[in-house]
Amino acid sequence: MKKLVAIVVISVCIMIMLVILAFFYVDLSGHVGCQYEILIDGISSGFVRVDKYITEDKIIYKSIADCGEALDYPAIAEKFFLQKDYSPLKFVKKHIGMKGQQQLTMMVWDEENCNFLFLRQPEFLTYKENNSGSNSMVFNAQDIMLYMPLVQKYNFWKKGTQFFNCVIPIDEAILPVKAKLSIKYLKEEYIPIMGCKTESESYIIKSDILPDIKMFLSKYTHKILAVEITDRNIRFSLIGSFEGPGKRLDTLRMKIVEMFNFEKFKHMLLSKKAVSEEITIVKEQSFPQKKLTGPAVLPEITQKEIFFESGDLLLSGQLWVPVGEKVFSAVIIIPDDGPIKIGEQDMLETFARFFSESGFVVLIFDNPGQGKSQGNFILQDDLKKIRNIEASVKYLGTLSFVKKGSINLIGYGGAGYLSLKAGAGFKEVNSLTVLDLSLRFEKTAFLQEETLKDNVRIMLDTAGFKNVNALILDGIAEKIRVYTNEVIKTSENFSYFLGIKLPLKEYRDFLRRNSYSAVELLDKPLLLAFSRDNNFFDAQGVNDLKKLISDKHAKGLSGKAMVFKNSGYYMGKLIIKNGLWTYEPNKEVFQFIKDWICKEDENKHATIVLDQADDK
């Protein structure tokens, strides 16, 4: 009897093991992975890993891009679900900011209709039943993952030119653009991949509204080896791949061996080259920072983490304090609305170091839901955001080494408007500086027909589109106008779309912002700095502000409005140092702002002659 029980137990265990191994084998057999290096102007600017999974009823693509060497978001995570015939089911794209906050694009198909959602706090856009057709594919020229389903649908027996209907989502609050792509076989050729000349087939992807794209596929397996967008000097190049259980198990075995080889493991942690050879999937809220010019903290500067209360929330921040037994003037640097990009983070930290070296106490605080700050940023309306800035001013006012009445605010982009509102009538605030004050929505100008079409055209140009015809522009602009007007008119505080909670009140506040009114009501010295090379630079709007400041100057209030011709994206630019992209600030802009604040700080009631000179 005991032998029979033992045989039954052993048999059951063997069957369970076989089932587990079968599932394991099927999972490995249906999994293919590729790793690509992103090259911009021939310089490595990030890496992307794409995984393809084949399940019983779906095909799933997942990718994560580490863009740590660019000025954009540090990571982009995507998922694309398709039926077995490659008809799309769902597409999700997340841009992950430096402090963890995310920008979301989602497309969900219901037969031939596509429901669309774009969310970047405080902006969002939804659209129901956008007829895109069940056979349409999602495509983006700068997204290597979205080439793969197109390659799978291409008929390699016929070759020649084949056409595909696509929808192209834009990383802005506008609707996706419909387009027809053609893929044409060119020739066989050898290209360098992973240090070897590899036999490939080249193809050309064409569209009326996109630049030409050259694609290289392996001759026999049709794996994507490289993609070149010549007009934008962007190239994706394969640096590693695995497929099937054999290679996957071998990769797993090698990783286990490396984990127990301490010297090898230590070398991988310390060597950037090793990181580039084997892409690591980064956590959503933990990204490597790019190196800034100069040391992060100089010996004469103390940098520390601080916390202060704002209403019922506890907010975190970084405080830079010059060493010395005296009181200092202070600067609070306030970031733009939405997820923080690498370039903005570099700018904020460089500003902080620059002003602390110049003898200022500097504070940069994290918005609710970012860093270690409590709360949810999505549920922060303008009044709460202004309250957070006021709380940071009050916190500095409690520090014995901060000079009373000598706190200066620097706001960037959307935070410029919030700074104007927070600084008005606040006696602790001495002056305000606003960089690239957003004028797109002034007096609902964004919703006016011609202005709206111009803004849509700028967004499409920035995304790499060309020759977008007037009908497409008119259609997108009209749908945005109708949608935003509905948001302005509704009295609801929030709504739900595709299961996502949307902050109607917060977006309504954003659309109703009036920077002209905020400048007019301000009773503090004000410096407005604009970049002519900003995509949304509004010459007429800046001239209107200059006239407004001139009127205030006549009443004895200090003000200055400056336009810099080439201040650079985020008041600086990327340069190559030691083979790496490095952010270099525009010293002219930084010095100009510092000199202006210092002069206002020395004589709080002195007026400054309005500078109406030509662009600097």
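This text gives an overview of the structure that appears in the document. (Residues numbered from 1 in each chain as written. Predicted model: local features only at pLDDT ≥ 70, side-chain atom pairs only at ≥ 80, totals over all residues. Heavy atoms only, no water.)

1. Regarding the overall build of the protein chain
- Summing up its helical and strand segments, the protein chain has 14 helices and 27 strands in all.
- Taking all 616 residues of the protein chain together, 53% fall into the buried category.
- Contacts spanning at least 24 positions in sequence make up 61% of the contacts within the protein chain whose residues lie at least 6 apart.
- Counting every atom, the protein chain has about 29,100 Å² of accessible surface; 55% of that belongs to carbon and sulfur. (Helix = DSSP H or I, 4+ residues; strand = E, 2+ residues; numbered from the N terminus. Buried < 20%, exposed > 50% of the residue type's maximum accessible area, 1.4 Å probe, protein only. Contact = heavy atoms within 4.5 Å. Areas by Shrake-Rupley, 256 points an atom, 1.4 Å probe, with all protein chains shown as cover.)

2. Re helix α8 (residues 414-423)
- Along α8, nine of the ten residues are buried, which leaves the element largely enclosed by surrounding structure.
- Buried within α8 we find G414, A415, G416, Y417, L418, S419, L420, A422 and G423.
- Among the structural elements, β18 (328-334), α7 (382-397), β20 (402-412), β21 (429-435), α12 (515-521) and β24 (526-531) are those in contact with the buried residues of α8.
- The positive-phi residue at the C-terminal boundary of α8 is G425, with phi of around 75°.

3. What to know about the sheet that holds strand β19 (residues 361-365)
- Judged by pairing direction, the sheet is mixed, and its eight strands sit side by side in the order β16-β17-β19-β18-β20-β21-β24-β25 without closing on themselves. Only two strands of the sheet have a single neighbouring strand rather than two, namely β16 (301-310) and β25 (559-564). On average, each strand axis in the sheet is tilted by 20° relative to the strand beside it, whichever way the strands run.
- Bridge analysis of β18 against β20 gives six bridges, and the strand direction is parallel. Its bridge partner being in β20, V331 is matched across the sheet by N408.
- Relative to the sheet, α8 contacts β18, β20, β21 and β24, its axis offset from that of β20 by approximately 150°.
- Against the sheet, helix α14 (residues 587-602) makes contact with β18, β20, β21, β24 and β25, and its axis sits at roughly 160° relative to β21, the strand it touches most. (Pairing = 2+ DSSP bridges. Axes fitted to C-alpha atoms, helices over the stretch in contact; angles between N-to-C directions.)

4. Focus on the pairing of β18
- In terms of burial, β18 is a largely internal element, seven of the seven residues being buried.
- Bridge count between β18 and β19: three bridges; the pairing is parallel. When the sheet's bridge partners are listed, A330 is paired in β19 with V361.
- Read as a crossover between parallel neighbours, the route from β18 over helix α6 (residues 342-357) to β19 is right-handed. (Right-handed = clockwise from strand over helix to strand, strands pointing away.)

5. So, empty space enclosed by the protein
- For the structure shown, the criterion picks out four cavities of 30 Å³ or more.
- The volume enclosed by the largest cavity comes to roughly 80 Å³.
- Around the largest cavity, the lining residues are I334, P335, D336, D337, F365, N367, F377, K385, I389, A415 and L418.
- Of all the secondary-structure elements, those providing two or more residues to the lining of the largest cavity are α7 and α8. (1 Å grid on protein atoms, 1.4 Å probe; cavity = no way out; pocket = protein on both sides within 12 Å on 5 of 7 lines; lining within 4 Å. Points joined across faces, edges and corners; volume = space filled by probe spheres on them.)

6. Quick look at the pattern of salt bridges
- Within this structure, the stated rule accounts for 24 salt bridges.
- With its nearest N and O atoms 3.3 Å apart, the salt bridge here joins E123 to R120. R120 shares its class with E123; the two are buried. (Salt bridge = Lys/Arg side-chain N within 4 Å of Asp/Glu carboxyl O.)

7. Section: the side chain of T126
- Turning to its location among the elements, T126 is positioned in strand β8 (residues 123-131).
- Of the polar contacts made by the side chain of T126, one reaches the side chain of Y483; its length is 3.2 Å.
- Among all residues touching T126, those that are not within four sequence positions of it are F116, L117, Y483, F497 and L502. (Polar contact = N/O pair within 3.5 Å; in protein donor to acceptor, adjacent residues only side chain to side chain.)

8. Here's the deal with the pairing of β16
- In the sheet, β16 pairs with strand β17 (residues 313-322) via ten bridges, with the strands oriented antiparallel. Bridge pairing links T302 to V321 in β17.
- The hairpin turn running from β16 into β17, its antiparallel successor, is two residues long, and G311 in that turn takes a positive phi close to 65°.

9. As for the packing of aromatic side chains
- Within the structure shown, the criterion is met by 19 aromatic pairs.
- Where F80 meets F91, the ring centres are 5.7 Å apart and the plane angle is 85°; that geometry is what we call edge-to-face. Highlighted residues: F80 in strand β4 (residues 75-83) and F91 in strand β5 (residues 88-96), separated in sequence by eleven residues. For the residue pair F80 and F91, the accessibility class agrees, reading buried in each case.
- Just above the ring of Y53 sits the side chain of K62; from NZ or CZ to the centre is 5.5 Å.
- One Lys or Arg, K501, reaches over the ring of F494 and ends 4.3 Å from the middle of that ring. (Phe/Tyr/Trp six-rings, centres within 6.5 Å; stacked < 30°, edge-to-face > 60°. Lys NZ or Arg CZ within 6 Å of the ring centre and 35° of its normal.)

10. Focus: the packing of α6 against α14
- Between α6 and α14, the least distance of the axes is 11 Å, while the angle of their chain directions is 50°. It follows from the interaxial angle that α6 and α14 lie oblique. Regarding α6 and α14, the two cross each other, and that crossing is right-handed. Along its contact with α6, which presents M347, T350, F351, F354 and F355, the element α14 presents F590, Q591, I593, K594 and I597.
- Its residues assigned to classes, the contact of α6 with α14 shows seven nonpolar, two polar and one charged. (Parallel < 35°, antiparallel > 145°, perpendicular 65-115°, else oblique. Left-handed = near helix turned anticlockwise from the far one by under 90°. Nonpolar A, V, L, I, M, F, W, Y, C, P; charged D, E, K, R; others polar.)

Purely spatial values, then, with no claim about function.
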